[in-house]
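Each chain is listed here by its residues.
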Amino acid sequence: MLRLYNPILFQYLNVGNKTIGNSCGLEFVRWRRKPRWLPVAKSKIFRIPQRKPQSLEEKNELLRLHNNYRTQMRSIRLYLREENQRIAETTTTDHIALTPQQEEEEFNRCLQENDKWNNEINKIRELRLAKEREETKAYVQEKLRLAEERREEQMQRIESLVKKEKELSKTFITYEKLDEAIEHALANPVDYNFALDLQGNIYRGRSNVPMSTEPAQK
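Residues numbered from 1 in each chain as written. Predicted model: local features only at pLDDT ≥ 70, side-chain atom pairs only at ≥ 80, totals over all residues. Heavy atoms only, no water.

The chain goes by Small ribosomal subunit protein mS26 in an unreviewed UniProt entry, where it is assigned to Glossina pallidipes. We quote the UniProt Sequence similarities (unreviewed entry) comment for the chain here in full: "Belongs to the mitochondrion-specific ribosomal protein mS26 family." Quoted verbatim from the Subcellular location (unreviewed entry) heading of the UniProt record, the comment on the chain is "Mitochondrion". (UniProt positions renumbered as here; feature names shortened; annotations may be inferred.)

Pasting the structure below:
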């Protein structure tokens, strides 16, 4: 029997009952007999199967085994019924009727026992909640400490950046120093072009003065 996972996979089959690899999703199933979901063959619709003859010895043996089985099961059920009845008669919680006073005392005893259990559970709960509060408090304090450290580091970075910008602001060309900066640039031209040879020597510009990192002074 040939079974496909998807009808679309029919297009991957070749001529000659050959399959293409394992990617086609084919499954070959060999049935020893006809599957039960298939209908009866047309040639056997009106066929009545013949009952096999049974010998007298076989019939007597099967009857004996059946009788033995029924006798054993009846004995087990009877034993279980008697055992259940005996246990029910020996217990004192089902068949002994208590007086109203005894019922009141039993009820009060159960209440006291219940209160005792509640108190024990309450103590355990209080200890657990106290421990959880301490852990939560320590966790919050640690978070606050880390946040304060991050804030201080950020303030230090900001201060260092502001200080650096203040130092750089001294070299800025303002409106008052614009003419002076233009005169200095014209008097000291700088050529940023340079060349390198195979030995690593630097040949700067033509004959201009190298760029100075010092601010112009006049």
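Now that the structure is up, let's keep going.
Novice: Please clarify how the overall build of the chain should be interpreted in this entry.
Specialist: Within the chain, the secondary structure is distributed over three helices and four strands. Secondary structure elements of the chain occur, N-terminal to C-terminal, as β-β-α-α-α-β-β. For the chain, buried positions account for 4% of its 218 residues. Contacts in the chain between residues at least 24 apart in sequence constitute 24% of all its contacts with a sequence separation of at least 6. When the accessible surface of the chain is split by element, carbon and sulfur atoms take 56% of a total near 22,000 Å². (Helix = DSSP H or I, 4+ residues; strand = E, 2+ residues; numbered from the N terminus. Buried < 20%, exposed > 50% of the residue type's maximum accessible area, 1.4 Å probe, protein only. Contact = heavy atoms within 4.5 Å. Areas by Shrake-Rupley, 256 points an atom, 1.4 Å probe, with all protein chains shown as cover.)

Novice: Is there a simple way to explain a nonpolar patch on the surface in this structure?
Specialist: On the surface, Ile173, Tyr175, Leu178, Ile182 and Leu186 cluster together to form a nonpolar patch covering roughly 600 Å² of accessible area. Summarising the element assignment, Leu186 is placed in helix H3 (residues 178-187). (Patch = residues over 30% accessible without salt bridge, like charges linked within 9 Å, V, L, I, M, F, W, Y side chains within 5 Å. Salt bridge = Lys/Arg side-chain N within 4 Å of Asp/Glu carboxyl O.)

Novice: Before we go on, may I ask you to explain a positive patch on the surface in this structure?
Specialist: Residues Arg70, Arg74, Arg77 and Arg81 make up a contiguous surface patch of positive charge. Among the structural elements, Arg70 can be located in helix H1 (residues 56-90). (Lys, Arg positive; Asp, Glu negative; His and termini not counted. Charge placed at Lys NZ, Arg CZ, Asp CG, Glu CD.)

Novice: What exactly am I supposed to notice about the pattern of salt bridges here?
Specialist: Two side chains bearing opposite charge may form a pair once their charged atoms approach each other closely. In this structure the tally under the stated criterion is eight salt bridges. For the salt bridge of Glu167 with Lys170, the shortest nitrogen-to-oxygen distance reads 3.7 Å. By relative accessible area, Glu167 is classed as partly exposed at 46%. Taken together, the shared-partner salt bridges in this structure form one network comprising Glu142, Arg145 and Glu149.

Novice: Hey, could you run me through the confidence of the model for the chain in this one?
Specialist: Residues shown with low pLDDT carry predicted positions that ought not to be read at fine detail. Chain-level statistics for the chain give a pLDDT mean of 81 and a share of 76% at 70 or above. Low confidence marks residues 12-22, where pLDDT is under 50. Its contacts with residues over four positions away, or in another chain, come to eight contacts. (pLDDT = per-residue confidence, 0-100.)

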